[in-house]
Amino acid sequence: MRRLRNVKIVATLGPASETYDMIRGLHEAGADVFRLNMSHGSHDEIREKHRIIRQVEKDLQSPIAILADLQGPKLRVGVFANGEEELVEGAKFRLDLDETEGDIMRVCLPHPEIFAALEAGSNLLVNDGKIRLKVDACGADFADCSVTIGGTISNRKGVNVPDVVLPLAALSEKDRDDLEFVCGLGVDWLALSFVQRPEDVEEARGLAQGRAALLSKIEKPAAVESFEAILKASDGIMVARGDLGVELPVSAVPPIQKRLVRKCRQAAKPVIVATQMLESMIESPMPTRAEVSDVATAIYEGADAIMLSAESAAGQYPVEAVTTMNDVAVEVESDPTYREIIEASRSAPRSTVADAIVSAAREIAETTEVAAICCFSQSGTTALLIARERPRVPIIAMTSLRGTSRRLALSWGTNCVIVSDVSRFKMAVVASARAARDLGYATNEDQIVVTAGLPFNVPGTTNILRVAPCEERLIFNMEEE
């Protein structure tokens, strides 16, 4: 399905968007990737959403990526005898392993691993940071704290520990079960929550065994500090600004977002900017001006994708939210300033043959009358390298692997076409010309750039570039490769 913009849109599915008509409507409105939140819904419900997405994909003949977002370990306090208590600034409050119901003085925190990592002076955030506690003294089974920001604390509220790397695996037992389940279904991407170190990604990679690409959610200060190693271990990144904004000063999040997006682009790995992008559209058919500016900023920064969470999963206006994102993207990408920013932030050329080929393809497209860049890519790597260049013309990725076409639905500006295996470069050019014409990007009078690797169907062999006509009669008159 042809889009009039390059940035991709991720829509989370939920109670407001679980029928065939709604999911199809979201895709037609602009959603390129559907996110299944494993924190909500049974395996049977997830299986049904997966089935519907694949049916929509089949009916519309349009590759769709499915992203399964694993829950990760959830750190929560226990319960209170009165259901809730009001903590005032300056008061003393204890967290411990005693499962007795809590009161104004203490409550259970059933996570010994937290106590093992705490030090005096550490901060604990409760209920998305609305309550802040500072550790005065701690041991293997307790933490005596002072309340630095008060508020209402109630049953099973979440706890964040921003100051320390917790000795917790990113994958809980639930996550392991969910991972095996969704890999068996055939999802394209796995989003990993609570990533703190590259070893968390490697553990998931061993379990996934190549059945899905791995996307690390950056939502903890430790992940920001170890970002380059995490990026190297991952296939993609999600900048989860909601949790980052809890554990870090909110003023620190925008520059972190900008820095992470740029590093992902340099590494030719897709990056999603997520959380609260059109939050008001959960209940309103119109976004705020600030939200529109937030979406636009992520696009100007060069993000591969922007994401809707509750807006499409549980909101009253899911299709309108996707339409709004699509409209903002079209408007931003038509702004001359957008091209200036994108091209100014382009990284220096790398040293491999494939890097040189894709850089040359982009330069040719910018200096001649070329309608599209077509690349043959079995693993998807060449398409990602071309997307890193952010060319001014459409990218058409040709592959015989349906899984590759689906995963690339997350990558900036990439339009995927399933083709039969080819053994000669001339037939690759013919297939590219047909795809460019069929997608409406070119006519018989146009030229395209074609990149491929010889021998064909061997990953990592991109080594040939040709400027070719779209008219097949002229292609067949070319000398045989």
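Heads up: the structure comes first, above all this text.
Since this is a predicted model, take the numbers as computed values, not measurements.

A. Molecular detail of the environment of Ile357. Tracing the sequence through the fold places Ile357 in helix H14 (residues 353–367). The sequence separation of Ile357 and Gln378 amounts to 21 residues, and the corresponding C-alpha distance is 16 Å. Residue contacts for Ile357: discarding those within four places in its chain leaves Thr451, Thr462, Asn463, Ile464 and Leu465.

B. Representation of the sheet that holds strand E3 (residues 65–69) within the structure. Spatially, the 8 strands close up into a barrel ordered E1-E2-E3-E12-E13-E14-E15-E16, and their pairing is parallel. Sheet twist, expressed as the mean angle between neighbouring strand axes with direction ignored, is 25°. For strand E1 (residues 8–13) and strand E2 (residues 33–37), the ladder comprises 4 bridges, and the chain directions are parallel. Looking at the pairing, Leu13 lines up with Leu36 of E2.

C. A look at the sheet that holds strand E21 (residues 462–469). Taken together, 5 strands build an open sheet; the order of strands is E19-E18-E17-E20-E21 and the sheet is mixed. Of all strands in the sheet, those with a lone pairing partner are strand E19 (414–418) and E21, marking the two edges. Shown here is a sheet whose adjacent strand axes are inclined to one another by a mean of 25°, direction ignored. As paired elements, strand E20 (residues 447–453) and E21 share 7 bridges and run antiparallel to each other.

D. Structural context of the nonpolar core. Core analysis: the biggest nonpolar cluster contains 89 residues, and Phe34, Leu190, Ile237, Ile299 and Ile306 have the highest contact counts within it. When residues of this core are assigned to their parent elements, the largest contribution, 6 residues, is made by helix H12 (residues 318–333). Beyond its immediate sequence surroundings of up to four residues, Ile237 is in contact with Leu215, Ser216, Ile218, Phe227, Ile230, Leu231, Cys264, Pro270, Val271 and Ile272.

E. Representation of the packing of aromatic side chains within the structure. All chains considered together, the criterion is met by 1 aromatic pair. Centre to centre, the rings of Tyr300 and Tyr338 are 6.2 Å apart; their planes meet at 55°, and the pair counts as tilted. Placement of Tyr300 in helix H10 (residues 289–301) and of Tyr338 in helix H13 (residues 336–344) is noted, with a sequence separation of 38 residues between them. When its relative accessible area of 24% is taken as the criterion, Tyr300 is described as partly exposed.

F. Broad picture of the pattern of salt bridges. Counted by the stated rule, this structure contains 34 salt bridges. Of the charged contacts in the structure, one is a salt bridge between Asp69 and Lys217, with a shortest N-O distance of 3.0 Å. Of this pair, Asp69 sits in strand E3 while Lys217 sits in strand E13 (residues 213–218), and the two are 148 residues apart along the sequence. Owing to a relative accessible area of 10%, Lys217 belongs among the buried residues under this scheme. With a shortest N-O distance of 3.0 Å, Lys220 and Glu247 are connected by a salt bridge. Placement of the pair is Lys220 in the loop between E13 and helix H6 (221–225) and Glu247 in helix H8 (residues 241–247), with a sequence separation of 27 residues. One continuous salt-bridge network, built from bridges that share partners, spans Arg54, Glu57, Asp188 and Arg406.

Calculation notes
Residues numbered from 1 in each chain as written. Predicted model: local features only at pLDDT ≥ 70, side-chain atom pairs only at ≥ 80, totals over all residues. Heavy atoms only, no water. Helix = DSSP H or I, 4+ residues; strand = E, 2+ residues; numbered from the N terminus. Contact = heavy atoms within 4.5 Å. Pairing = 2+ DSSP bridges. Axes fitted to C-alpha atoms, helices over the stretch in contact; angles between N-to-C directions. Core = buried A, V, L, I, M, F, W, Y, C linked by side-chain atoms within 4.5 Å. Buried < 20%, exposed > 50% of the residue type's maximum accessible area, 1.4 Å probe, protein only. Phe/Tyr/Trp six-rings, centres within 6.5 Å; stacked < 30°, edge-to-face > 60°. Salt bridge = Lys/Arg side-chain N within 4 Å of Asp/Glu carboxyl O.

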